[in-house]
Amino acid sequence: MPELPEVETTKNALSNFITEAKVIEVEIFKEELRWPINNNLKSDIKNSIILNPFRLGKYIIVPTDRNKCLLLHLGMSGFLKISKKKIKVKKHDHVKFTFLNTKHEEIYVLYNDTRRFGFIDYFDNDKLNEHFLIKKLGVEPLSLDLNTKYLLKKFNNRDVTIKTSLLDQKIVAGIGNIYASEILFLSKIHPLLKVKFLDKKMANRLCKSIKYILKKAIDKGGTTIKDFKNPDGQIGYFKQDLLVYSRKGMECFDCEKHIKMINFSGRATYYCKKCQGFEKKFLKEI
DNA sequence: CGTAGCGCCTGCCGGC
DNA sequence: TGCCGGCAGGCGCTAC
């Protein structure tokens, strides 16, 4: 479900509701996620004050005034429900947090993850950068760290397809399967192009497209394909802006050709053969 | 070392 | 209607 824009949307909602709020209660209903929820969480975080949450790649970090932080990852199917009204606990709700905000209103936050590919961690603030997952992350796509030069350096001599590279969180953090297809369509680059063949012009287009697509998706509150909802129950409106993803067989918006769907590395990839064509010698053997 | 592929989970949808 | 295979927004681990 969540790629950078959905995680950003979630983080912003969390920020609006619980910044400076006090943790009143933590209830863990099902600790099994990708890894079991850190047991210290329940007792340790109680009575902490929440500082401003932020995002790194697809991770949400919630720091507290006790130099600890909560790390949230939503996996494939995770999402948060945030409300000022009591929320009934449902299937696949793993944790429920109760906060008291500065207006002395109770805020409820539920972490729900059907497929359990997400996880929650809790540890010392100063350990964040050396956290085994965080330390691997590449540059933030919306920062100046992501530029043409950086991409060319990372792609130099590598024998991987551009689609695979966009999904590689060690290069750029936050792009997932939907936005990878979208970005490549906008860049007019074939998903199976080996990155070592990427020239400066293409890298420049790619860089601009990454920033453009992600920004636009954030503005629209993310993409709702199946059941993604923002924490306040709103769906994301980027779906109607999707150029190729989930449009197999439909007409390309730029030419009369039909959108292709291929499957490699176990993931669906959508593209327009005409708009994203390139010389056959560059094509990876399928 | 870098890369490809598997497997983790549950639910839903389309085809028979 | 019911069953079954395929598929789903992520990512760590293992084998090569």
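Data block above holds the structure.
Below is a short write-up of the structure. (Residues numbered from 1 in each chain as written. Chains lettered and ligands numbered in written order. Predicted model: local features only at pLDDT ≥ 70, side-chain atom pairs only at ≥ 80, totals over all residues. Heavy atoms only, no water.)

Thoughts on the pairing of strand S8 (residues 119-124)
Then comes step 1: Of all 6 residues making up S8, 5 are buried, and the element is well covered by its neighbours.
Then comes step 2: Pairing analysis gives 6 bridges linking strand S4 (residues 68-73) to S8, with the strands arranged antiparallel. Following the sheet pairing, Leu71 is matched in S8 by Asp121. (Buried < 20%, exposed > 50% of the residue type's maximum accessible area, 1.4 Å probe, protein only. Helix = DSSP H or I, 4+ residues; strand = E, 2+ residues; numbered from the N terminus. Pairing = 2+ DSSP bridges.)

Let's talk about the sheet that holds S8
Then comes step 1: Strand order across the open sheet formed by 4 strands is S2-S3-S4-S8, with antiparallel pairing between neighbours. For this open sheet the edge positions go to strand S2 (54-56) and S8, each flanked by a neighbour on one side alone. With direction set aside, neighbouring strand axes in the sheet form an average angle of 25 degrees.
Then comes step 2: For S2 and strand S3 (residues 59-63), the ladder comprises 3 bridges, and the chain directions are antiparallel. (Axes fitted to C-alpha atoms, helices over the stretch in contact; angles between N-to-C directions.)

Examining the packing of helix H1 (residues 4-18) against helix H6 (residues 200-219)
Then comes step 1: Relative to each other, H1 and H6 sit at 40 degrees, their axes nearing to 9 Å. Compared by their axis directions, H1 and H6 come out oblique. Between H1 and H6 lies a crossing whose hand is right-handed. Contacts from Leu4, Pro5, Glu8 and Thr9 in H1 reach Leu214, Ala217 and Ile218 in H6.
Then comes step 2: When its residues are assigned to classes, the contact of H1 with H6 shows 5 nonpolar, 1 polar and 1 charged. (Parallel < 35°, antiparallel > 145°, perpendicular 65-115°, else oblique. Left-handed = near helix turned anticlockwise from the far one by under 90°. Contact = heavy atoms within 4.5 Å. Nonpolar A, V, L, I, M, F, W, Y, C, P; charged D, E, K, R; others polar.)

Some remarks on the pattern of salt bridges
Then comes step 1: Throughout the structure, instances matching the rule amount to 14 salt bridges.
Then comes step 2: Its salt-bridge partner being Lys11, residue Glu8 comes within 3.3 Å of it at the nearest N-O pair. In this pair, Glu8 and Lys11 both sit in helix H1, 3 residues apart, roughly one turn of the helix.
Then comes step 3: Take Glu8: its relative accessible area is 14%, and that puts it in the buried class.
Then comes step 4: For Lys11, a relative accessible area of 12% puts it in the buried group. (Salt bridge = Lys/Arg side-chain N within 4 Å of Asp/Glu carboxyl O.)

Section: empty space enclosed by the protein
Then comes step 1: Here the structure, examined in full by the defined rule, presents 1 cavity of 30 Å³ or more.
Then comes step 2: In this structure, the largest cavity encloses a volume near 60 Å³.
Then comes step 3: The wall of the largest cavity is formed by Leu14, Ile18, Val62, Leu70, Leu72, Leu80, Phe97, Phe99 and Val109.
Then comes step 4: Broken down by secondary-structure element, the contributors of at least two residues to the lining of the largest cavity are H1, S4 and strand S6 (93-100). (1 Å grid on protein atoms, 1.4 Å probe; cavity = no way out; pocket = protein on both sides within 12 Å on 5 of 7 lines; lining within 4 Å. Points joined across faces, edges and corners; volume = space filled by probe spheres on them.)

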